[in-house]
Amino acid sequence: MIADLFYSILNLIQGLLEPIRNSQVWNSIFRHGVPRDRRTRVMAVMSNVFLHLHPVAVRKSGIRLSFTWCMGGLTFFLFLAESISGVLLMFYYRPVPEYAYADIISLRAHVTLGLLREIHRWGAHAMIIAIWLHMMRVFLTGSYKPPREFNWGVGVILLVLTMLLSFTGYLLPWDQLAIWAITVGSNMGKATPVMGMGGPFNDLLKFPGGVPMITTRSDAAYLLLAGTSVGENALMRFYVLHCIALPVAASVLIAIHFWRIRKDGGISGPM
């Protein structure tokens, strides 16, 4: 008796939902029914804005934990964690010398018991480790070989962007360790070939009359710091790079990276 009542209610609900399912609005959003076989599962993946970047099917050998180490997925997860925690930190942090260090102390002492900043800080360290392990796994298993060489190049650029994210974020606490570490790092920029004031071949770039094109106010270090030393301009520039420019560039390349994995036939199999 209860079962009959349940099925009657279920049929009534289905009857009420049928006009909605046949409506133009519903069909414009959901292009297929519940995925029950391979064809509908393929359609579900291909028409989903989040899933369409992934291949419809992958080899079992290519997703074994002993082969992939899950380092690529873990790196992406840490990037999402860093993005979310970074946005929350922006509500409390002011990128000016008068308040930057005090805000970091306040974040550590008062805001969510310091947990929010520590999630962001340790997540950054873990992301650096994960992306290096991912690159090492790809290299050791030969997953960079044709037709995946383009995606290997995208991955190398993502590695560089990850290192730059860590480098630009290092200055934001605005303590002595951060200031002098960035001073050392920016001085290394002076040795950039052609673009560095102390780098090789910069003396070849001269205007007529022997006037040098590269000076202390136009070389790579100046471009990085927006000045000749670490100061207020450098803090603001690093803040914009760390919070906007580099994450946006990394997000675009991550999407391309996933898309190429699909186009290249999914996760590569063991050698």
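Described in the following lines is the structure provided in the data block. Here the structure is a predicted model, which means the values were calculated and not measured.

Summing up its helical and strand segments, the chain has 11 helices and 2 strands in all. In sequence order, the secondary structure elements of the chain are arranged as α-α-α-α-α-α-α-α-α-β-β-α-α. In terms of overall size, the chain is more extended than a compact globule, its C-alpha atoms giving a radius of gyration of 26 Å where 271 residues would be expected to give roughly 18 Å. Taken over the C-alpha atoms alone, the chain extends approximately 95 × 50 × 40 Å along its principal axes. Counting across all 271 residues of the chain, residues that qualify as buried make up 33%. In the chain, 64% of the contacts between residues at least 6 apart in sequence involve partners at least 24 apart.

Here Pro146 and Pro147 are connected by a cis peptide whose omega angle stands at 10°. Looking at where Pro147 falls in the secondary structure, it is placed in the loop between helix H7 (115-140) and helix H8 (149-171). Phi is positive for Val194, which is not a glycine, with a value near 70°. Here Val194 lies in the loop between helix H9 (176-189) and strand S1 (206-207). The backbone phi angle of Ala226 is positive, close to 55°, even though this residue is not glycine. Considering the arrangement of structural elements, one finds Ala226 in the loop between helix H10 (220-225) and helix H11 (232-263).

By secondary structure assignment, the location of Asp219 is in the loop between strand S2 (211-212) and H10. Dropping the residues within four chain positions of it, Asp219 is found in contact with Lys190, Met195, Gly196, Met197 and Ile214.

Another aspect to go through is the pattern of salt bridges. Under the defined criterion, the tally for this structure stands at 4 salt bridges. Here Asp264 makes a salt bridge to Arg260, at a shortest N to O gap of 2.9 Å. Neither Asp264 nor Arg260 differs from the other in exposure class; each is buried.

Quick look at the packing of aromatic side chains now. Throughout the structure, instances matching the rule amount to 5 aromatic pairs. Aromatic side chains Tyr144 and Trp152 sit 5.6 Å apart centroid to centroid with 50° between the ring planes, which places their arrangement in the tilted category. With a relative accessible area of 27%, Tyr144 lands in the partly exposed category. Site record: aromatic cluster; members linked through ring pairs are Phe139, Tyr144 and Trp152. Over the ring of Tyr99 we find Arg94; its NZ or CZ atom is 4.0 Å from the centre of that ring.

Conventions and cut-offs
- Residue indices begin from 1 for each chain and proceed along its sequence in written order.
- Given that this is a predicted model, residues contribute local features only at a pLDDT of at least 70 and side-chain atom pairs are listed and counted only at 80 or more, while totals for whole chains, interfaces and linings are drawn from all residues.
- Excluding hydrogens and water, the side-chain values take into account all heavy atoms of the structure.
- Elements are defined by DSSP. Helices are runs of H or I of four residues or more, strands are runs of E of two residues or more, and each kind is numbered from the N terminus.
- As defined in this context, the radius of gyration uses C-alpha atoms, and a globule is described by 2.2 Å times the residue total to the power 0.38.
- The classification of residues rests on relative accessible area computed with a 1.4 Å probe and restricted to protein chains. Under 20% of the type maximum is buried, over 50% is exposed, and intermediate values are partly exposed.
- In this analysis, two residues are considered to be in contact whenever any of their non-hydrogen atoms come within 4.5 Å of each other.
- The rule for a salt bridge is simple: a side-chain nitrogen of Lys or Arg has to be within 4 Å of a carboxyl oxygen of Asp or Glu.
- Note on ring pairs: Phe, Tyr and Trp rings are taken, using the six-membered ring of Trp, and paired if centres are within 6.5 Å. Classes follow the plane angle, with under 30 degrees stacked, over 60 edge-to-face and the rest tilted.
- The criterion is that NZ of a Lys, or CZ of an Arg, lies within 6 Å of the ring centre and within 35 degrees of the ring normal, and then a charge sits over that ring.

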